Amino acid sequence: MTDEIKSGDAAEAGREHIWLPYTQMNTAASPLRAVRTEGCVIELADGRRLIDGVASWWTACHGYNHPDIRAAVERQLAAMPHVMFGGLVHEPALALASRLAAMLPGDLERVFFTDSGSVAVEVAMKMAIQYRLNRGELGRTKLLAFRGGYHGDTLAAMSVCDPEEGMHALFAGALPQQVMADLPTTPERAAALDALLARHAPELAAIIVEPLVQGAGGMRFHDVATLRTLRDLADRHGLLLILDEIFTGFGRTGTMFACEQAGIVPDIVTLSKALTGGTMALAATVARRHVFEAFLSDDPAKALMHGPTFMANPLACAAANASLDLFAREPRLAQVARIEAQLREELEPCRGRPGIADVRVMGAIGVVQLDPAPNLDRLKAALVAEGVWVRPFRDVLYLTPALTIGAEDLGRLTGALRRVIERNAL
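Residues numbered from 1 in each chain as written. Predicted model: local features only at pLDDT ≥ 70, side-chain atom pairs only at ≥ 80, totals over all residues. Heavy atoms only, no water.

Asker: Sorry if this is basic, but what is going on with the overall build of the protein chain here?
Answerer: Scanning the protein chain from N- to C-terminus turns up 14 helices and 16 strands. A compact globule built from 426 residues should have a C-alpha radius of gyration of about 22 Å, and the protein chain, at 22 Å, falls within 12% of that. Its C-alpha atoms give the protein chain principal-axis dimensions of roughly 65 × 55 × 45 Å. Every one of the 426 residues in the protein chain was classed for burial, and the buried ones make up 52%. For the protein chain, the accessible area works out to roughly 18,700 Å², and carbon and sulfur atoms hold 55% of it. Placing the 42 positive and 50 negative side-chain charges of the protein chain at their respective mean positions leaves the two points 1 Å apart. (Helix = DSSP H or I, 4+ residues; strand = E, 2+ residues; numbered from the N terminus. Rg over C-alpha atoms; globule rule 2.2 N^0.38 Å. Buried < 20%, exposed > 50% of the residue type's maximum accessible area, 1.4 Å probe, protein only. Areas by Shrake-Rupley, 256 points an atom, 1.4 Å probe, with all protein chains shown as cover. Lys, Arg positive; Asp, Glu negative; His and termini not counted. Charge placed at Lys NZ, Arg CZ, Asp CG, Glu CD.)

Okay, structure coming up:
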């Protein structure tokens, strides 16, 4: 028996032991087994090749297996795969922190590395609350968040997600209580938020929002004026503004970071997803100078007491540096503009068809809003039958492909969406 057959047998046996995310394991169909990736293609164990329309939850911005990122990780693996970041530092993390500080707007200059987006949000929340405590502003321990938002699946992050439409309603009684509001997308909503902040400012540490796109909460878009309003209101009420750019960062909305389009500087920003080009787990919480300075003291208790074991992993930092090299050397934002134009043209025919509530595009994000919500299992199967990997959720059928995807492969994705809609495979 060959090693390959043995490996296949072990994989099949492993199905009895895995616990999949967002999946009712009692009723779910058996998951597909991926064996290799290249560019925008996922190859399955049975030989099928699927065009990936979601870049593995928006991470593989340069496509899979980019040789430059792979080579950087291999070099780092030979030198030092990991070392604790407590009392020790290393060149990949130092270089990455410096580069992120130079790329981000304003004085966002202090980088705290973690290993997932949810933890980056937890750290941002913790920073904001301890910022108040270190300044002697007791009682300011809550955050203001927005309906339709999503910031992760860990407990504190869950508390600033949409409390009703999201996936975390079951835990309502166990989560910290935050202040929820509607995004100030109209003058009336802005006035209502201003009044709400006036009432709650003494208990609030910060505002947290996903800039331009509320991602996993429903792929809802808002404009730059909304972000400017939030910056103005945060300043008016003495609040920190946290921008969660885990989904929107690294070119997804058409600029390197979504906040650039509004011309604002958040007090804290969270980054992950495409940070390493979809290669390694890494995240960062980046703070402005005045936030960092609130933690400087002769009192050890005023330090930020947080330290993930694998924070600033050298392999992940090497991958991120290689990814930033690609953004600097190759025309990623021009590619996003091309993707946006093609998505607009090729998804627009879906508008007005039965079961379609809306079609919207921003950067390398294409969304077809469904009404009513579809049978997701049937829809996913229909998409796989079309030769594409797309993961709709609730009432949202969306594309977030690699920024390097070619026009032909993108056309296969949009064509697959149109065909399943035309056949009413919803």
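Asker: How should the nonpolar core be read in this particular structure?
Answerer: As a rule of thumb, nonpolar side chains are buried together in soluble globular proteins. Grouped together as the largest cluster of nonpolar side chains are 120 residues, with contacts concentrated most on Leu 100, Phe 113, Leu 144, Met 219 and Phe 250. Ranked by residue count, the leading element in this core is helix α5 (residues 117-134), at eight residues. Ignoring anything within four residues of it in the chain, the contact list for Met 219 reads Trp 58, Val 213, Gln 214, Phe 247, Arg 360, Ile 365, Val 367, Phe 393, Val 396 and Tyr 398. (Core = buried A, V, L, I, M, F, W, Y, C linked by side-chain atoms within 4.5 Å. Contact = heavy atoms within 4.5 Å.)

Asker: Please clarify how the pairing of strand β12 (residues 283-288) should be interpreted in this entry.
Answerer: Across the six residues of β12, five count as buried, placing the element largely inside the fold. Sheet analysis places strand β4 (residues 108-114) next to β12, joined by six bridges and oriented antiparallel. In the strand pairing of β12, Phe 112 is matched with Thr 285. (Pairing = 2+ DSSP bridges.)

Asker: How should I be thinking about the sheet that holds strand β3 (residues 49-52) in this particular structure?
Answerer: Two orientations exist for strands paired in a sheet by backbone hydrogen bonds: parallel and antiparallel. As summarised here, the arrangement of the four strands in space is β1-β2-β3-β15, forming an open sheet in which the pairing is mixed. Edge positions in the sheet fall to β1 (34-38) and β15 (388-389), since each has one partner strand and no second. Here four bridges tie β1 to strand β2 (residues 41-44), and the two strands are oriented antiparallel to one another. Bridge assignment links Glu 38 to a residue of β2, and that residue is Val 41. The sheet strands contacting helix α14 (residues 407-422) are β3 and β15, and the helix crosses β3 at an angle near 90°. (Axes fitted to C-alpha atoms, helices over the stretch in contact; angles between N-to-C directions.)

Asker: Teacher, can you tell me more about the packing of helix α3 (residues 67-79) against helix α11 (residues 314-329) here?
Answerer: Geometry of a packed helix pair, given as the angle between the helix axes and the separation of the axes. Closest axis-to-axis distance for the α3/α11 pair is 8 Å, and the angle between their directions is 150°. Comparing their axes, α11 and α3 come out roughly antiparallel. Here α3 and α11 pass one another in a crossing that is right-handed. The residues of α11 that touch α3, namely those facing Asp 68, Ile 69, Ala 72, Val 73, Gln 76 and Leu 77, are Pro 314, Leu 315, Ala 318, Ala 319, Ala 322, Ser 323, Leu 326 and Arg 329. (Parallel < 35°, antiparallel > 145°, perpendicular 65-115°, else oblique. Left-handed = near helix turned anticlockwise from the far one by under 90°.)

Asker: In this structure, what is going on with the pairing of strand β13 (residues 356-362)? I would like to understand it.
Answerer: On a regular strand, each side chain points to the face opposite its neighbour's, so the side chains alternate between the two faces of the sheet. Burial analysis of β13 places five of its seven residues in the buried class, the great majority of the element. The pairing of β13 with strand β14 (residues 365-370) spans six bridges and is antiparallel. Each bridged residue has a counterpart across the sheet, and for Asp 358 the counterpart in β14 is Gln 369. Between β13 and β14, which follow one another and run antiparallel, lie two residues, and Gly 363 among them has a positive phi close to 55°.

Asker: In this structure, what is going on with a nonpolar patch on the surface? I would like to understand it.
Answerer: A surface patch of nonpolar side chains, about 380 Å² in accessible area, is lined by Ile 18, Trp 19 and Met 25. According to the relative accessible area criterion, Trp 19 is exposed, its value standing at 76%. (Patch = residues over 30% accessible without salt bridge, like charges linked within 9 Å, V, L, I, M, F, W, Y side chains within 5 Å. Salt bridge = Lys/Arg side-chain N within 4 Å of Asp/Glu carboxyl O.)

Asker: How should the sheet that holds strand β11 (residues 268-271) be read in this particular structure?
Answerer: Taken in spatial order, the seven strands make up an open sheet running β4-β12-β11-β10-β7-β5-β6, and their pairing is mixed. The open sheet terminates on both sides in strands that have one partner only, identified here as β4 and β6 (179-181). Here the average twist between neighbouring strands, direction ignored, is 20°. Judged from the four bridges that link them, strand β7 (residues 204-209) and strand β10 (residues 240-244) form a sheet pairing that is parallel. Considered in β10, the bridge of Val 209 is made with Leu 243.

Asker: Would you take a moment to explain the environment of Gly 251 for this structure?
Answerer: Within the secondary structure, Gly 251 sits in the loop between β10 and α9 (259-262). Residue classification places Gly 251 among the buried positions, given a relative accessible area of 0%. Placed 176 residues apart in sequence, Gly 251 and Arg 75 show a C-alpha to C-alpha distance of 27 Å. The residues contacting Gly 251, other than those within four sequence positions of it, are Met 256, Leu 333, Val 336 and Leu 403.

Asker: In this structure, what is going on with unusual backbone geometry? I would like to understand it.
Answerer: Cis geometry is found at the peptide bond from Asp 371 to Pro 372, where omega equals 5°. Inspection of the secondary structure assignment puts Pro 372 in the loop between β14 and α13 (376-385). Notably, Met 219 is not glycine yet its phi reads approximately 50°, a positive angle. Among the structural elements, Met 219 can be located in the loop between β8 (213-214) and β9 (220-221).

Asker: Would you mind showing me how to read α3 here?
Answerer: Two residues of an α-helix separated by three or four positions point the same way, owing to the 3.6 residues in each turn. The first and last C-alpha atoms of α3 sit 19 Å apart over 13 residues, in line with the 18 Å expected at 1.5 Å per residue. Along α3, the residues that are buried comprise Ile 69, Ala 72, Val 73 and Gln 76. Taken end-on, α3 shows its buried residues confined to a sector of 95°, consistent with a single buried face. Looking at α3, the residues exposed on the side facing more than 90 degrees away from the buried face are Arg 75 and Ala 78. (Expected span 1.5 Å × (residues − 1). Arc of directions from axis to C-beta.)

Asker: Would you take a moment to explain the side chain of Gln 335 for this structure?
Answerer: Assignment of secondary structure puts Gln 335 in helix α12 (residues 332-347). Judged by relative accessible area, which is 17%, Gln 335 ranks as buried. Residues within four places of Gln 335 in sequence aside, it is in contact with Leu 403 and Thr 404.

Asker: Mind showing me how you'd approach the side chain of Glu 346 here?
Answerer: Relative to the assigned elements, Glu 346 resides in helix α12. For Glu 346, the side chain forms a polar contact with the side chain of Thr 414, separated by 2.5 Å. Beyond its immediate chain neighbours, meaning those up to four positions away, Glu 346 contacts Leu 410, Gly 411, Thr 414 and Arg 418. (Polar contact = N/O pair within 3.5 Å; in protein donor to acceptor, adjacent residues only side chain to side chain.)

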